[in-house]
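Okay, here's what each chain looks like letter by letter:
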Amino acid sequence: MAEKTWVRMVTAQTPTNIAVIKYWGKRDETLILPVNDSISVTLDPAHLCTITTVAVSPSFDQDRMWLNGKEISLSGGRYQNCLREIRARACEVEDKEKGIKIAKNDWEKLHVRVASYNNFPTAAGLASSAAGFACLVFALAKLMKAKEDNSELSAIARQGSGSACRSLFGGFVKWIMGKAEDGSDSLAVQLVDEKHWDELVIIIAVVSSRQKETSSTTGMRDSVETSLLLQHRAKEVVPKRIKQMEEAIKNRDFGSFAQLTCADSNQFHAVCLDTCPPIFYMNDTSHRQVKIISCVEKWNCSEGTPQVAYTFDAGPNAVLIAHNRKAATQLIQKLLFCFPPSSDADLNCYVIGDKSILKDAGIEDIKDVEALPPPPEIKDAQRSKGDVSYFICTKPGRGPDLLSDESLALLHPETGLPK
Amino acid sequence: MEEKTWVRMVTAQTPTNIAVIKYWGKRDETLILPVNDSISVTLDPAHLCTTTTVAVSPGFDQDRMWLNGKEISLSGGRYQNCLREIRARACDVQDEEKGIKIAKKDWEKMHVHVASYNNFPTAAGLASSAAGFACLVFALAKLMNAKEDNSELSAIARQGSGSACRSLFGGFVKWNMGKAEDGSDSLAVQLVDEKHWDELVIIIAVVSSRQKETSSTTGMRDSVETSLLLEHRAKEVVPKRTKQMEEAIKNRDFGSFAQLACADSNQFHAVCLDTCPPIFYMNDTSHRQVKIISCVEKWNRSEETPQVCLTPHSRSLT
């Protein structure tokens, strides 16, 4: 008996985010509730984003997901939590054009297919699971016509990956740790939108890490269990820093912003070192991280007021936030001096995102990179060719969006299989 | 008018020490008073030591010092403090054989010559100033016939270099942070002597560092001023660890000893990272420190009970 089957599909795009006051440590592993608040800046999805297509159809006999073209299992707790929570909030859907009518209680019997794609390499460790879970939850919410606002959706995304909750908004975002046992008040809110402080320029030095690092989940659990400094950080230091950071962002006070961002990044890594066994995220063979910190600290000091803030996550990449375009231009010159591309690299692929920064820096080809002067604040500056895989130049960006252009969908509109 | 002049001389040998519960941060820069207690193990002077000869003579017209054969200045505050404190405790000396008679009040008019030698390379950063100041103070005390015991002498050596106070004893030593404003109760005491746990073997990987590191004095001052974790360490963590470490040493409990020593070493470096600007002592080009820590941590885990502990300090690795 052939029934005319239908496929309802929605495609969404979500940004990733970088914490400036760090999340490190859970008070509840299952619900993913943190031991302190955190604040992040959302990056421009034009440069870094996850695109997810979700589809539902009576002809799908199981939930399936493809990530960057490869099928993955949805059986894990995190995926199950997100699917269950969104399904519980599904509402009636009617699409007269396509002849689709889904009653509220139909949803629990229907299966979904998900295809997700990051426009940046997953191995880059650029918080792809944050963008990924945020996109999954946002897209499913649109598909199932859930009525929840983005903060309420963030509480669901949080259960997929903690930092995912912060990708439900653009600009600067705060993940409120919450007090409730069930985590219903542990969610993200927008502090300011992406236009509030849009002169900031964010440059990320992406490194392909050869070594396998400690996973954030394992690492932060070890820290909670063994670091005698973590509790003090969570109870005393972070609450004060959160207030100060909110003020700095509100007032566009870059000096305070930079001091707080760098201090919090260093303290996060200090707690990692205070863990048993100790975790070394900033210990890459090339010393890149230490060189960058040293360069930035000296430059900021010589200028009297900070020009650039640095922050490092649980991985090898360096995120640098420049006060304005002028500082960013000087920064990219210093970075390209210290970390020039390998001889066979294409400059066009070496600095991606907002490539116009190169032009502002007077760099058009490799010859210009070779001719760069050493940064005056570093004594005996060395050039470490090929140490950085590439740079991304971006800025604070907007939150999740639906993509109405069907050609961008990752699933075929009729089969519901990856294109 | 030729007077038969004399020289009175004393030579002493002092060990160096490695902290297993670290000293990092002062509450008083001049008197060198720390923000927490520390515990160290004294290393066998047969392998690592400072030898110091101190001499006094009416023929000397100024205080002079030679370190490893090179003359150095004694004008700095630390040397001046030590010299002043020992001189104030000088007593009568009589050596009939040599025809030397020094009255208590004579000492302030006389000058000393000091020669000091480390049998390990100074650039190795193996706490040579600790051994050095301890030896200077100990030798001068003997020269000047001071009556103070080693704990009292440690309070003077402390004013030369904080960790020097712990080199006034063998075995395991504790530097009590003290409470008094004048630092009179900030001194070292012996916990156990060197025979108590003599099956321990200490291996030091010495590295000649090419880069100039942050000096301890500057580094710990920056930490006190800028690390929001340091105070918590000093007030809450170290007091508990000190008690546990004393127990572990007393009971020869290597498992606890290792866990505490490694944890305190890592926390010290964590506080350095939490400083503004951050201090990276364990970031040498070769990754040596991380490799060693990783190897030891894994081996200890595989054996179930710790076999080895390590404690990199602000210079080379121990």
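Everything quoted here is computed from the prediction, not taken from an experiment.

1. Structural notes on unusual backbone geometry
A negative phi angle characterises most non-glycine residues, just as the trans form characterises most peptide bonds. Cis geometry is adopted by the peptide bond preceding A:P277, which originates at A:C276 and carries an omega value of -5°. Here A:P277 is to be found in the loop between α6 (254-273) and α7 (288-303). That bond from B:C276 to B:P277 is cis: its omega, -5°, falls within 30 degrees of zero. Even without glycine at this site, B:I32 takes up a positive phi of about 55°. With respect to the helices and strands, the residue B:I32 is situated in the loop between β3 (26-28) and β4 (33-34).

2. Here we look at the sheet that holds strand β2 (residues 17-21) of chain A
Residues and elements named next belong to chain A. Strands sit in the order β2-β5-β12-β13 across an open sheet of four strands; the sheet is antiparallel. Of all the strands in the sheet, the pair left with one neighbour each is β2 and β13 (187-192). Here the average twist between neighbouring strands, direction ignored, is 35°.

3. Side note on the sheet that holds strand β1 (residues 8-15) of chain B
All names here are of chain B. Sheet architecture is open: five strands sit in the order β1-β6-β11-β7-β8, paired in mixed fashion. One side of each edge strand has no neighbouring strand; the edge strands of this open sheet are β1 and β8 (70-72). Mean inter-strand twist for the sheet, computed between neighbouring axes without regard to direction, equals 20°.

4. Some details on the nonpolar core
All names here are of chain A. I204, F257, I321, L336 and F391 are the most contacted members of the largest nonpolar core, which totals 76 residues. Sort the elements by how many residues they give to this core and helix α8 (residues 325-338) lands first, with eight residues. When we break this core down by domain, the ones giving at least three residues each are domain 1 (2-192 + 403-408) and domain 2 (201-394). Beyond its immediate sequence surroundings of up to four residues, F257 is in contact with V20, F172, W197, M245, A248, I249, A309 and I321. In this structure, L74, L83, A188 and M220 belong to the second largest nonpolar core, which totals 53 residues.

5. So, the confidence of the model for chain B
Chain-level pLDDT for chain B is 91 on average; 93% of the residues reach the 70-or-more range. Of the regions scoring below 50 in pLDDT, residues 314-318 of chain B engages in 30 contacts with residues more than four places distant in sequence or in other chains.

6. As for a negative patch on the surface
Residues and elements named next belong to chain B. On the surface, a cluster of negative charge is contributed by D44, D193, E194, D198 and E199. Looking at the secondary structure, you find E194 in the loop between β13 (188-192) and α4 (216-226). Of the residues examined, E194 reaches a relative accessible area of 49% and is grouped as partly exposed.

7. What to know about the pairing of strand β5 (residues 38-42) of chain A
Within a regular strand, the side chains alternate between the two sheet faces. Residues and elements named next belong to chain A. Along β5, five of the five residues are buried, which leaves the element largely enclosed by surrounding structure. Residues S38, S40 and T42 point to one face of β5 and I39 and V41 to the other, with burial holding for every one of them. Pairing analysis gives four bridges linking β2 to β5, with the strands arranged antiparallel. If you follow I18 over to β5, its bridge partner there is V41. Two elements, β5 and strand β12 (residues 172-176), share four bridges in a ladder whose sense is antiparallel. Paired with I39 across the two strands is K174, which belongs to β12.

8. Some points on the environment of A:I357
All names here are of chain A. Inspection of the secondary structure puts I357 in helix α10 (residues 356-360). For I357, a relative accessible area of 0% puts it in the buried group. Excluding anything up to four places from it in sequence, I357 contacts R325, A328, T329, I332, V351 and C393.

9. Regarding the interface of chain B and chain A
The partner chain A presents 25 residues to the 24 residues of chain B that form the contact. Between chain B and chain A, a total of about 2,300 Å² is buried, with carbon and sulfur atoms accounting for 68% of that surface. Across the chain B-chain A interface, the total number found is zero salt bridges. Counting across the chain B and chain A interface gives five residue pairs in polar contact (both at pLDDT 80 or more). Secondary structure elements with two or more residues in the side of chain B that touches chain A: α5 (230-250), α6 (254-273) and α7 (288-302) of chain B. At five residues, α6(B) tops the list of elements feeding residues into the side of chain B that touches chain A.

10. Quick word on the environment of A:S215
Residue and element names in this part refer to chain A. Mapped onto the elements of the fold, S215 is located in the loop between β14 (201-206) and α4 (216-226). By relative accessible area, which is 35% here, S215 ends up partly exposed. Along the chain, S215 and A314 lie 99 residues apart, while their C-alpha atoms are 7.8 Å from each other.

11. A few points about the pairing of strand β7 (residues 64-67) of chain A
Residue and element names in this part refer to chain A. Relative to strand β11 (residues 111-118), β7 runs parallel, the two being bridged by four bridges. Pairing of R64 across the sheet is with R113, part of β11. Bridging between β7 and strand β8 (residues 70-72) involves three bridges; their strand directions are antiparallel. Residue L67 lies in a different strand from β8, and its bridge partner there is K70. A loop of two residues connects β7 with β8, the two strands running antiparallel in sequence, and N68 in this loop sits at a positive phi of about 50°.

What counts and what doesn't
- Residues numbered from 1 in each chain as written.
- Chains lettered and ligands numbered in written order.
- Predicted model: local features only at pLDDT ≥ 70, side-chain atom pairs only at ≥ 80, totals over all residues.
- Heavy atoms only, no water.
- Helix = DSSP H or I, 4+ residues; strand = E, 2+ residues; numbered from the N terminus.
- Pairing = 2+ DSSP bridges.
- Axes fitted to C-alpha atoms, helices over the stretch in contact; angles between N-to-C directions.
- Core = buried A, V, L, I, M, F, W, Y, C linked by side-chain atoms within 4.5 Å.
- Buried < 20%, exposed > 50% of the residue type's maximum accessible area, 1.4 Å probe, protein only.
- Domains from an automatic or database assignment.
- Contact = heavy atoms within 4.5 Å.
- pLDDT = per-residue confidence, 0-100.
- Patch = residues over 30% accessible without salt bridge, like charges linked within 9 Å, V, L, I, M, F, W, Y side chains within 5 Å.
- Areas by Shrake-Rupley, 256 points an atom, 1.4 Å probe, with all protein chains shown as cover.
- Salt bridge = Lys/Arg side-chain N within 4 Å of Asp/Glu carboxyl O.
- Lys, Arg positive; Asp, Glu negative; His and termini not counted.
- Charge placed at Lys NZ, Arg CZ, Asp CG, Glu CD.
- Buried area = accessible area lost by both parts, 1.4 Å probe.
- Polar contact = N/O pair within 3.5 Å; in protein donor to acceptor, adjacent residues only side chain to side chain.

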